[in-house]
Structure formats: C-alpha cells, structure tokens
Amino acid sequence: MGLILYPGSFDPLTNGHIDIMRRALERFDELRVVVANNSRKQTLFSAEERVALVRESLANEPRVSVVALDGLLVDYAREVGAKTLLRGLRQVADFEFEFNMAAMNRHLYPEIDTLFMMTGADNFYVSSSLVRSVAALGGDIDRLVPAPVAAALRDRLITSMRDTGTE
Ligand code: ADP
C-alpha cells in the first residue's frame, strides 16, 4: 500500500509513537508524520523543533518524512493524495475523541479512512505529556524517548531553570 499520514502534536516524539510507526511501515510503503502547528495549543517545543526532532530520531528510516501543518488535515491529505490516517489507541479514554475525529474527517473527505493501531504492551502508559512532566521533575526519561528527544528535553529544562533562577 502507498502513503499513510500520521498526524499529531508530537510534543515531543516518544517511543510509543515510534512503535506504531514501525508497525505501520510493515503495511505501507511510505509514512509521513504531520506535525500540527496549532497556535491555540501551548506546546513545549515549537513546530520547527518538533519536526527537527522527528527528522533526527528517524534519520535512518528513508520511508519516513515529516512536515508541519497549519491548515486542515483533510485538505493536506487531498493535496498529497493520501487516503489513510494513522492514529494510536492506548486505552478506552482515547476512544471517544478518536471516534469523533475519524467521523469528522470522513465527513469532510469521504475517501479518507483512519487506521487505529493499538499501542504495544511496553508503551501503553507513554504519552508526551507524562514524559514532559517526568522530565521537568528530573525523572529518567531515557527509555521513553529517542536519544535526540532526551537531549532536547534536558536542554530545555536547563534553559528554563536558568531563566527562572532555579539551579
Ligand atoms: P495529539 O495531540 O493529536 O493526540 P499526540 O502526539 O499526543 O498528538 O499523539 C499522536 C498520535 O499518537 C495519537 O493517535 C496518539 O494516540 C498516538 N500515541 C501517542 N502515544 C502513543 C503510545 N504510547 N502508543 C501508541 N500510540 C500513541
């Protein structure tokens, strides 16, 4: 099969994201990570930084590309001729939101389908927001995110501690 789009915030990319990406790549030729540049959502990393971290973390995977998107996902999908979206499901709590989102996307673009992949057993508790919280409190995040992300999180925390005068 052809191209699958993987939309999300990726603030930042985690091993949970990478797990379902690798599995999707067993079924699709090409996967494009679409980083939402949603100005209403406060993020730790800018869209450019999030894109760069995905690029760096998946540098050895030629079938993965990454873009930042300001507009509507279905418009982008139409433009590039993609008919499948990838989303991950961790637990029941994810379901309602994802169900509505998939239905809305099909309303806007009837040819699009969302493929849901269940998280791997090792990653069901891994989310970008928990990783940010753990990192902010000095916890070990090395096995939860790829190395470039761990480095960027450390960097960001050192900067914020310097800015707020905490050592
Ligand atoms: P969003 O803000 O759009 O939910 P995220 O970056 O948090 O963006 O997530 C992008 C997609 O990756 C979502 O479908 C989410 O369910 C999925 N995802 C996030 N973490 C994991 C994980 N640990 N295992 C499987 N899927 C995940």
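The written sequence of each chain sets the order in which its residues are numbered from 1. Confidence filtering applies because this is a predicted model: local features only for residues at pLDDT of at least 70, side-chain atom pairs given and counted only at 80 or more, and all residues used for totals across whole chains, interfaces and linings. The side-chain quantities take in all heavy atoms of the structure and omit both hydrogens and water.

Draft legend 1. Highlighting the overall build of the chain. Each helix is a run of DSSP H or I of at least 4 residues and each strand a run of E of at least 2, with the numbering of both proceeding from the N terminus. The helix and strand inventory of the chain stands at six helices and five strands. Over its C-alpha trace the chain gives a radius of gyration of 16 Å, about what one expects of a compact globule, namely 15 Å for 167 residues. Expressed along its principal axes, the backbone C-alpha trace of the chain runs to roughly 55 × 35 × 30 Å. We call a residue buried when its accessible area falls under 20% of the maximum for its residue type, exposed when it is over 50%, and partly exposed in between, using a 1.4 Å probe and counting protein chains only. Within the span of the chain, comprising 167 residues, buried residues form 41% of the whole. In the chain, of all internal contacts separated by at least 6 residues, the share reaching a separation of at least 24 is 77%. For the area figures, the Shrake-Rupley method with a 1.4 Å probe applies, and any residue is considered shielded solely by the protein chains shown. With the model as given, the accessible surface of the chain reaches about 9800 Å², and the carbon-plus-sulfur share is 54%. Think of it this way: Lys and Arg go in the positive column, Asp and Glu in the negative one, and His and the chain ends go nowhere. The atoms used to mark charge sites are NZ of Lys, CZ of Arg, CG of Asp and CD of Glu. Of the charged side chains in the chain, 19 are positive and 23 negative, and the gap between their average positions amounts to 2 Å. Here the radius of gyration uses the C-alpha set of atoms, whereas the globule reference equals 2.2 Å times the residue count to the power 0.38. Between two residues, a contact is recorded if the distance between any of their heavy atoms is within 4.5 Å.

Draft legend 2. Looking closely at the pattern of salt bridges. What makes a salt bridge here is a side-chain nitrogen of Lys or Arg within 4 Å of a carboxyl oxygen of Asp or Glu, nothing more. Inspection of the entire model under this criterion finds 11 salt bridges. Note that D11 is salt-bridged to R132, the shortest N-O span being 3.5 Å. Of the two residues, D11 sits in the loop between strand 1 (3–8) and helix 1 (15–24) while R132 sits in helix 5 (residues 128–136), which places them 121 residues apart along the sequence. For R156, the salt bridge is made with E49, and the minimal N-O distance between the two is 2.5 Å. Of this pair, R156 sits in helix 6 (residues 147–164) while E49 sits in helix 2 (residues 47–57); the two residues are 107 residues apart in sequence, bridging distant segments of the chain. The class for E49 is partly exposed, based on a relative accessible area of 29%.

Draft legend 3. A look at the side chain of R32. Note on placement: R32 falls in strand 2 (residues 30–36). Judged by relative accessible area, which is 16%, R32 ranks as buried. Once residues lying within four places of it in the same chain are set aside, the contact partners of R32 are L3, I4, L5, Y6, S65, V66, V67, Y76 and V80.

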